[in-house]
Amino acid sequence: MARLHPNGPKPAQITAGRIGLYAFLVVAALFFLLPLYTMVVTSLKSMPEIRLGQIFALPATLDFSAWATAWSGACMGTVCVGIRSGFWNSVAITLPSVALSVFIGAVNGYALSLWRPRGANLLFGLLMAGGLIPYQIFLYPMVRAMANIDLYNSLAGIILVHVIFGLPLVTLLFRNYFLSVPEELCKAARVDGAGFWRIFFEIMLPIAVPMVVVVSMLQFTGIWNDFLLGLVFAGRDNLPMTVQLNNIVNTTMGERTYNVNMAATILTAIVPLAIYFLSGRWFVRGIAAGAVKG
Amino acid sequence: MSIKRKPNLSATIALLPTWFVAVVVFIGTMAWSIRLSFTNSTLFPSSTYVGLAQYSKLFSSAKWLASLQNVLIFGVLYVAGCLLLGFLLAAALDRKIRFESAFRTIFLYPYAMSFVVTGLIWQWMLNPALGIQASVRSLGWESFVLDWVVNRDMAIYALVLAGVWQGAGLVMVIALAGMRGIEGEQWKAARIDGIPVWRIYVSIILPQLGPALAAAGMLLAMGVIKTYDIVVAMTNGGPGNATEVPAKFIMDNLFGRQNLGLATAGATVLVLGVIIAVAPFRYIMHMRDKAKGAA
């Protein structure tokens, strides 16, 4: 969309409009960056320095002790073991949840789009309705049901819950993806004698690798950032990092150690942020797909 | 797929777990919850039906009414704020900007983080004793006030601020993708006619982005109904009931106050709210698909 000039394109000029445009972008960038900046500087200050109330000032000396405390000594109520255990809980919850939900979602999408067995449309409709409805209506009966099968407050239980609640979106994305695969590919393979699973593993899954990456990204950040489900289903020993973080910051007794709180907050945000910065375009594609098609 | 019927058995079997989830988990638990909302259940489920008593109790609860009002204010401002800021950012980035990808990265990164993290960051920024307010006052402006998180009248706007900070990047990504898909010819034609750039964005680009922005707005609105984490992290519903939201009201009564009947009544109202909000949108999409199919 080049701007058209009477004598062909001219080099971009510095005009009042351009200056205003950059000014807007820079101010917006400051608005978006300021919270991250204040978090980082707060986490590097000592408490006496924080009490001066200079939230934007750089720390006098670099002091990483708040980070060490946040990681291994911060208190949740009366227990002072840091956010370390929450970090490993989040890893233990997220990895299997992502792997399982992506696999089941891929199979679902493939079966629903290329095979369409009886009731496929009904199932898809039910799944989409389930995906729209607020979790609150499912929670209590699910807690009871999970308790009945001894999965309440367990690692397997919270993983199962994430897989269940991830199914609508993951299935939707894979279904739409496989709908764009030519049906002839599937038909040809069937004529050659390949069955449902062989076609899936040898043809469709390799084709769907880009979608697998996108959906994994989406699911990983979604599950890592989850608070509600972890709070309800994980149980004391498996609480994800987000829940522990909130416990550290919002239920502290005695004086609030803001530097430790901010270090713990950064530690919780660091994994999804790293994924965002490292995977860039894939992440953006994932959230755009999740947003537009969800 | 009509070469053979038999292999469909594998497809059917592969979908069985999903059938189980859809029917038992989604429909079954929802039916169970709705049933509970008509009973006098407190700590444990009861089978004594009390009709609409829980609903009348719900709608005579000041806390619930406050939560509805709050979620409405928050929802309207949050969705509008994200759409407006996101669109403006996208339009600015669309003007052949240097460092475009750096700006894009900066505007979107909050969206990668948990709502809990966002809530805690802004709780810290808005802390009146040590945050922005204290900093500005120490510069000499002694009467500067930015006490939103502890001010009953302003706390809900603190949530809006944090929410827009988190969500505007998403709208920007969607709007920018849409703008890049619009043909250069339209730009040339409009420029030849001497239409100013801002008019082109408002009158030509914006209408074409309509469906994508509507989808984004719809997604944000769904998030509003589920709003829970950010409130718990930032204000925990306070001060008073100033930031109480329905999802939190339900959670508190479900697990904190052991008030099952009331909580499930609230959850049922939320589900109805979603259906009412989504139905017209789905209907329009359905009619449009039908029209496309006929054409």
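Residues numbered from 1 in each chain as written. Chains lettered and ligands numbered in written order. Predicted model: local features only at pLDDT ≥ 70, side-chain atom pairs only at ≥ 80, totals over all residues. Heavy atoms only, no water.

Trainee: Provide a residue-level description of the overall build of chain A, including the pertinent values.
Mentor: Scanning chain A from terminus to terminus reveals 14 helices and two strands. A compact globule built from 294 residues would reach a C-alpha radius of gyration of about 19 Å, whereas chain A, at 25 Å, exceeds it by more than 25%. Summarising its shape, the C-alpha atoms of chain A cover approximately 75 × 75 × 30 Å along the three principal directions. Every one of the 294 residues in chain A was classed for burial, and the buried ones make up 50%. A fraction of 71% describes how many contacts in chain A between residues 6 or more apart in sequence connect residues 24 or more apart. One way to put it: in chain A the 18 positive side-chain charges average out to a point 11 Å from where the 10 negative ones average out. (Helix = DSSP H or I, 4+ residues; strand = E, 2+ residues; numbered from the N terminus. Rg over C-alpha atoms; globule rule 2.2 N^0.38 Å. Buried < 20%, exposed > 50% of the residue type's maximum accessible area, 1.4 Å probe, protein only. Contact = heavy atoms within 4.5 Å. Lys, Arg positive; Asp, Glu negative; His and termini not counted. Charge placed at Lys NZ, Arg CZ, Asp CG, Glu CD.)

Trainee: How would you explain empty space enclosed by the protein if you had to name every residue and give the values?
Mentor: Counting across every chain of the model gives two cavities of 30 Å³ or more. There is about 60 Å³ of room inside the largest cavity. Considering the residues around the largest cavity, the lining is formed by Ser90(A), Ile93(A), Thr94(A), Ile158(A), His162(A), Ile223(A), Trp224(A), Asp226(A), Gly230(A) and Pro240(A). Of all the secondary structure elements, the ones that give two or more residues to the lining of the largest cavity are α4 (84-115), α7 (155-179) and α10 (209-225) of chain A. Its residues assigned to classes, the lining of the largest cavity shows five nonpolar, four polar and one charged. Empty space within the second largest cavity amounts to approximately 40 Å³. Every residue along the wall of the second largest cavity is listed here: Thr42(A), Lys45(A), Ile50(A), Gly53(A), Gln54(A), Ile55(A), Trp124(B) and Leu130(B). Split into classes, the residues belonging to the lining of the second largest cavity amount to four nonpolar, three polar and one charged. (1 Å grid on protein atoms, 1.4 Å probe; cavity = no way out; pocket = protein on both sides within 12 Å on 5 of 7 lines; lining within 4 Å. Points joined across faces, edges and corners; volume = space filled by probe spheres on them. Nonpolar A, V, L, I, M, F, W, Y, C, P; charged D, E, K, R; others polar.)

Trainee: Before we move on, could you go through the UniProt feature "transmembrane region" (unreviewed entry) in chain A and cite the residues and values that matter?
Mentor: Residues and elements named next belong to chain A. According to UniProt, the "transmembrane region" (unreviewed entry) feature falls on residues 20-44, 93-115, 122-143, 155-178, 199-220 and 260-278. When the span residues 93-115 is considered, its composition is 100% helix and 0% strand, and the gap between its end C-alpha atoms is 32 Å. With 100% helix and 0% strand, the stretch residues 260-278 has end C-alpha atoms that lie 26 Å from each other. (UniProt positions renumbered as here; feature names shortened; annotations may be inferred.)

Trainee: How would you explain the UniProt feature "transmembrane region" (unreviewed entry) in chain B if you had to name every residue and give the values?
Mentor: Residues and elements named next belong to chain B. Within this structure's numbering, the places UniProt gives as "transmembrane region" (unreviewed entry) are residues 12-34, 71-93, 105-125, 154-179, 200-225 and 260-281. For the annotated span residues 105-125, helix accounts for 71% and strand for 0% of the residues, and the straight-line distance between the end C-alpha atoms is 22 Å. What you have in residues 260-281 is 100% helix and 0% strand, and the ends, taken at the C-alpha atoms, are 32 Å apart.

Trainee: Lay out the interface of chain B and chain A in plain terms, naming residues and giving numbers.
Mentor: Counting residues at the interface gives 98 residues for chain B, matched by 93 residues for chain A. Across the chain B/chain A interface, buried area totals approximately 8,600 Å², and carbon plus sulfur atoms make up 78% of it. Where chain B meets chain A, there are zero salt bridges. For the pair chain B and chain A, the interface holds 17 residue pairs in polar contact (both at pLDDT 80 or more). Top contributing element to the side of chain B that touches chain A by residue count: helix α2 (residues 16-36) of chain B, with 14 residues. Split into classes, the residues belonging to the side of chain B that touches chain A amount to 72 nonpolar, 15 polar and 11 charged. (Buried area = accessible area lost by both parts, 1.4 Å probe. Salt bridge = Lys/Arg side-chain N within 4 Å of Asp/Glu carboxyl O. Polar contact = N/O pair within 3.5 Å; in protein donor to acceptor, adjacent residues only side chain to side chain.)

Trainee: Tell me what's going on with the confidence of the model for chain B, and back it up with residues and numbers.
Mentor: Residues and elements named next belong to chain B. Mean pLDDT over chain B works out to 89, with 96% of the residues at or above the 70 mark. The low-confidence segment residues 1-5 (pLDDT under 50) makes 10 contacts with residues lying over four places distant or belonging to another chain. Taken together, the chains of this predicted complex give a pTM of 0.91 and an interface ipTM of 0.90. (pLDDT = per-residue confidence, 0-100.)

Trainee: Describe in detail the nonpolar core, supporting the description with residues and values.
Mentor: Counting 189 residues, the largest nonpolar core has Tyr110(A), Phe174(A), Met204(A), Phe233(A) and Phe107(B) as the members making the most contacts within it. For this core, the leading source of residues is helix α8 (residues 155-180) of chain B, giving 16 residues. Both domain 1 (16-61) and domain 2 (94-240 + 271-289) of chain A contribute no fewer than three residues apiece to this core. Other than its neighbours up to four places away in sequence, Phe233(A) contacts Leu139(A), Met142(A), Val143(A), Met146(A), Tyr152(A), Asn153(A), Ser154(A), Ile158(A) and Val161(A). (Core = buried A, V, L, I, M, F, W, Y, C linked by side-chain atoms within 4.5 Å. Domains from an automatic or database assignment.)

Trainee: I'd like a rundown of the packing of aromatic side chains, residues and numbers included.
Mentor: By the definition in use, this model includes 38 aromatic pairs over all chains. Seen from their ring centres, Phe32(A) and Phe107(B) are 5.3 Å apart, and the 55° between their planes marks the pair as tilted. With one member in each of two chains, Phe32(A) in helix α1 (residues 16-43) and Phe107(B) in helix α5 (residues 100-108) form a pair that bridges those chains. Among the residues examined, Phe107(B) registers a relative accessible area of 0% and is labelled buried. Judged by centre distance (5.1 Å) and plane angle (75°), the ring pair of Phe200(A) and Phe201(A) falls under edge-to-face. What makes Phe200(A) buried here is its relative accessible area of 0%. Assessed through its relative accessible area of 42%, Phe201(A) is described here as partly exposed. Over the aromatic face of Phe124(A) sits the side chain of Arg175(A), whose NZ or CZ is 3.9 Å from the ring centroid. Positioned over the ring face of Tyr135(A) is Lys226(B), at 5.6 Å from the centre of the ring. (Phe/Tyr/Trp six-rings, centres within 6.5 Å; stacked < 30°, edge-to-face > 60°. Lys NZ or Arg CZ within 6 Å of the ring centre and 35° of its normal.)

Trainee: Describe a nonpolar patch on the surface, and please don't skip the residues or the numbers.
Mentor: Residue and element names in this part refer to chain B. A grouping of Leu-72, Val-76, Leu-77 and Tyr-157 is seen on the molecular surface, where their side chains present a nonpolar patch of about 360 Å² in accessible area. Ranked by the residues each element gives to the nonpolar patch, the list is headed by helix α4 (residues 62-93), at three residues. In this structure, Leu-77 sits in helix α4. Take Leu-77: its relative accessible area is 35%, and that puts it in the partly exposed class. (Patch = residues over 30% accessible without salt bridge, like charges linked within 9 Å, V, L, I, M, F, W, Y side chains within 5 Å. Areas by Shrake-Rupley, 256 points an atom, 1.4 Å probe, with all protein chains shown as cover.)

Trainee: Describe the domain arrangement of chain A, naming the residues involved and giving the relevant values.
Mentor: Taken domain by domain, chain A consists of domain 1 (16-61) and domain 2 (94-240 + 271-289). Summarising the inter-unit geometry, the C-alpha centres of domain 1 of chain A and domain 2 of chain A are found 38 Å apart.

Trainee: I'd like to hear about unusual backbone geometry, residue by residue, with values.
Mentor: Along the chain, Gly238(B) connects to Pro239(B) via a cis peptide bond; the corresponding omega equals -5°. Within the fold, Pro239(B) resides in the loop between α11 (229-234) and α12 (246-256). Positive phi, close to 60°, is recorded for Asp150(A), a residue that is not glycine. Tracing the backbone shows Asp150(A) in the loop between α6 (136-148) and α7. Phi is positive for Gln258(B), which is not a glycine, with a value near 50°. By the element assignment, Gln258(B) lies in the loop between α12 and α13 (260-294).

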